[in-house]
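Listed below are the residues making up each chain.
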Amino acid sequence: MMKTLDDIRAVLIESLELQQAPADLTPDTVLFGELPELDSFGVLQLVAAIEDRFDITIDDDEFGAEIFETVGTLTAFVEGKLALAA
């Protein structure tokens, strides 16, 4: 989980151009509704960056606000996608 969490932190910082340090983004860090950068355009940028970084596809029917609730929920979602692809 730590590798995926570290990668998620990096993707968040890079794709949303956040000023936070990676260590500031804990699994409990709230994303949706707390980060002004995570607007509709930001979500699209983030999804594209996640798909590229992890070589996964996020289908429209999987796309929901609950995925982006916290850093931890986003990490768990990506780990689930990676497990299915393995």
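Residues numbered from 1 in each chain as written. Predicted model: local features only at pLDDT ≥ 70, side-chain atom pairs only at ≥ 80, totals over all residues. Heavy atoms only, no water.

Caption draft 1: Main features of the overall build of the protein chain. Along the protein chain, the regular secondary structure elements total three helices and zero strands. Along the protein chain, from the amino end to the carboxyl end, the secondary structure elements read α-α-α. If one aligns the C-alpha atoms of the protein chain with their principal axes, the spans along those axes are about 35 × 25 × 20 Å. Taken over 86 residues, the protein chain has a buried fraction of 41%. In the protein chain, the share of contacts with a sequence separation of at least 24, taken over all contacts with a separation of at least 6, comes to 59%. On the protein chain, roughly 5000 Å² of surface is accessible, and the fraction owed to carbon and sulfur atoms is 54%. (Helix = DSSP H or I, 4+ residues; strand = E, 2+ residues; numbered from the N terminus. Buried < 20%, exposed > 50% of the residue type's maximum accessible area, 1.4 Å probe, protein only. Contact = heavy atoms within 4.5 Å. Areas by Shrake-Rupley, 256 points an atom, 1.4 Å probe, with all protein chains shown as cover.)

Caption draft 2: Fine view of the pattern of salt bridges. Enumeration over the complete set of coordinates arrives at five salt bridges. Across the pair Lys3 and Asp7 runs a salt bridge, and its minimum N-O distance is 3.1 Å. Taken together, the residues Lys3 and Asp7, both in helix 1 (residues 2–16) and four residues apart, mark about one turn of the helix. Classification of Asp7 by relative accessible area gives buried; the value is 14%. (Salt bridge = Lys/Arg side-chain N within 4 Å of Asp/Glu carboxyl O.)

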